[in-house]
Amino acid sequence: MNILEIIYILEYTCWVLASIAVAYPLIYSLASLGTRKSYYPTAKKQHKFAILFPAYKEDRIIVPVVESFLKQDYPKELFNVIVISDHMQDLTNEHLAQLPITLLKASYENSSKAKALNFAINHFKREEFDAVIILDADNVVDSNFLSEVNKVIDADVQAIQTHRTAKNRNTEIAVLDGLSEEVNNSIFRRGHVRLGISSALIGSGMVFNYQWFHDNVKYLSTAGEDKELEVLLLKQRIFIEFLDEVYVYDEKTQEEKGFYTQRRRWLATQFAQWGRVFKDLPKAILSGNIDYSDKLIQWILPPRLILFGGIIVMGSIMQIVDWPLALKWWGLFFIMGITLCLAIPDKLVDEQFKKSIRKLPLLFIMMVANLFRMKGMNKKFVSTEKNGSSTL
């Protein structure tokens, strides 16, 4: 076998792997189409909620966010807003202390959301609440948020991911970040639940049965606490629901530096989590645990931006080396483009979107660079700087 034959074999192998990576989101993008809504009847009981706001150096935004949440059209005695104040200023804590909430002060040398969640839960009894909701310090919700979530909790659903969406589109990076979030909602949440497979979690806007969370939060230890929660739930065969019509408005990353740092942490936690649980894949498949098998396969897939860029690079190379072989790469490029078009909400395809596309080559380079700078990031807590930008 000569060198040229080896190159052709490697090229074909790469194409097969890329085809699998393209087919996965295509299937779920197709499943996400339509306007079918989840229906839950009026709740027979109003349940008691613990609302957790882990807040690390969030002095600029936490007070108005908490004040906003307190405007829920739900009985005040049936929800307790709990702010875990970590390394926040005395003045911020004084303002929070004047609100009808529970303020817990923490000051870790190495802070993390996992530590904050454990710290909060240790202050309450196992039977004190029916459900727990985890929100980020910049998250804003509609006034009927608790009422809608209560319907689902009343139906004995154990785990829920609400529809997190962008509340700001004030920079090109924020536009693309918000767009990426909605594509993920289409593929990894809406498309999944419509095929009867668990939704992915996303770190905030998450709702859990309180007793389950109280018993399992102690197992969280990394910066990827949402992925750890997914493993715990799916290994226990607990279905994760997605509430497509219940929104959590989230501030999106606005600058290239923030995007780079955030994605580096996400990549590191994904690869680290896969490294810890990949041995479970054969058992998950043989035992018929479809949700867990799907999750493990999902974590193997490369990020979309890297996949898209890689297809373009390979197509361009083969166009020079042996142009007929490039056709199959351009076919993947076309299918990937169709997949993203299906997954992107029509309302986001506007002038801001068209202008932001020019940033994609830079973001591709940044994502590739991240692949070589992931060491230790899954154990290191990196807070994404927020400034309270909002279009609400």
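For the structure itself, consult the block above.
These lines cover the structure that appears in this document, whether it is placed above or below. (Residues numbered from 1 in each chain as written. Predicted model: local features only at pLDDT ≥ 70, side-chain atom pairs only at ≥ 80, totals over all residues. Heavy atoms only, no water.)

Keep in mind that most residues, glycine aside, have a negative phi and that most peptide bonds are trans. In this structure, H87 takes a positive phi of about 60° despite not being glycine. For H87, the location among the structural elements is in the loop between β2 (79-86) and α3 (90-97). By relative accessible area, H87 is classed as partly exposed at 34%. At D156, a residue that is not glycine, the phi angle is positive and equals roughly 65°. Turning to its location among the elements, D156 is positioned in the loop between α5 (145-154) and β6 (159-166). (Helix = DSSP H or I, 4+ residues; strand = E, 2+ residues; numbered from the N terminus. Buried < 20%, exposed > 50% of the residue type's maximum accessible area, 1.4 Å probe, protein only.)

Together, Y12, V16, L17 and I20 line one region of the surface with nonpolar side chains, adding up to about 390 Å² of accessible area. Summarising the element assignment, I20 is placed in helix α1 (residues 3-31). (Patch = residues over 30% accessible without salt bridge, like charges linked within 9 Å, V, L, I, M, F, W, Y side chains within 5 Å. Areas by Shrake-Rupley, 256 points an atom, 1.4 Å probe, with all protein chains shown as cover. Salt bridge = Lys/Arg side-chain N within 4 Å of Asp/Glu carboxyl O.)

What follows is about the packing of helix α8 (residues 225-235) against helix α11 (residues 290-300). Between α8 and α11, the shortest axis-to-axis distance is 9 Å and the interhelical angle comes to 150°. Accordingly, the angle class assigned to the pair α8 and α11 is roughly antiparallel. Of the two possible hands of crossing, α8 and α11 adopt the one that is left-handed. Residue-level inspection shows K227, E230, V231, L234 and K235 of α8 in contact with α11, the latter providing D291, Y292, K295 and W299. Classifying every residue of the contact of α8 with α11 by side-chain character gives four nonpolar, no polar and five charged. (Axes fitted to C-alpha atoms, helices over the stretch in contact; angles between N-to-C directions. Parallel < 35°, antiparallel > 145°, perpendicular 65-115°, else oblique. Left-handed = near helix turned anticlockwise from the far one by under 90°. Contact = heavy atoms within 4.5 Å. Nonpolar A, V, L, I, M, F, W, Y, C, P; charged D, E, K, R; others polar.)

A few words on the nonpolar core. As a rule of thumb, soluble globular proteins bury nonpolar side chains together. Formed by 39 residues in total, the largest nonpolar core has its most connected members in F49, I51, I62, F69, V81, V83 and V149. Within the residue set of this core, elements represented by two or more residues are β1 (49-56), α2 (62-69), β2, β4 (131-134), β5 (140-141), α5 and β8 (240-250). Contact partners of I51, with chain neighbours within four places excluded, come to F69, F79, N80, V81, I82, I133, L135 and L146. With 37 residues, the next largest nonpolar core counts I134, F213, V217 and V277 among its residues. (Core = buried A, V, L, I, M, F, W, Y, C linked by side-chain atoms within 4.5 Å.)

A few words on the environment of Y12. Tracing the sequence through the fold places Y12 in helix α1. For the pair Y12 and S356, spaced 344 residues apart in sequence, the C-alpha separation works out to 33 Å.

This paragraph deals with the pairing of strand β3 (residues 102-106). One ladder, built from five bridges, connects β2 with β3; its direction is parallel. Within β3, the position partnered with D86 by the bridge is A106. With α3 bridging β2 and the parallel β3, this β-α-β connection has right-handed handedness. (Pairing = 2+ DSSP bridges. Right-handed = clockwise from strand over helix to strand, strands pointing away.)

This model, assessed by the stated rule, comprises 14 aromatic pairs. The interplanar angle of 10° and the centroid separation of 5.6 Å between the aromatic rings of F208 and F213 together place this pair among those described as stacked. Take F208 and F213: they sit in the same class, and that class is buried. Ring geometry for Y247 against Y249: centres 6.1 Å apart, planes inclined by 15°, an arrangement best described as stacked. Given the relative accessible area of 15%, Y249 is considered buried. Cluster of aromatic residues (ring-pair linked, three or more members): F53, F69, F79 and F145. (Phe/Tyr/Trp six-rings, centres within 6.5 Å; stacked < 30°, edge-to-face > 60°.)

Below, the discussion takes up the environment of T253. Following the sequence through the fold, T253 ends up in the loop between β8 and α9 (256-277). Its relative accessible area of 4% is what places T253 among the buried residues. Each C-alpha atom, one on T253 and one on G178, is 8.5 Å from the other, the two residues being 75 residues apart in sequence.

Time to look at the side chain of S85. Mapped onto the secondary structure, S85 falls in strand β2. Engagement of the side chain of S85 in a polar contact is seen with the side chain of N93, the distance being 2.6 Å. For S85, the residues in contact, after removing those within four places along its chain, are A55, N93, L103, L104, K105 and A106. (Polar contact = N/O pair within 3.5 Å; in protein donor to acceptor, adjacent residues only side chain to side chain.)

Its location among the elements puts K167 in the loop between β6 and α6 (172-194). Since its relative accessible area comes to 4%, K167 is described here as buried. Note: C-alpha distance between K167 and E251 (84 residues apart in sequence) is 5.5 Å. Of the polar contacts made by the side chain of K167, one reaches the backbone oxygen of D138; its length is 2.6 Å.

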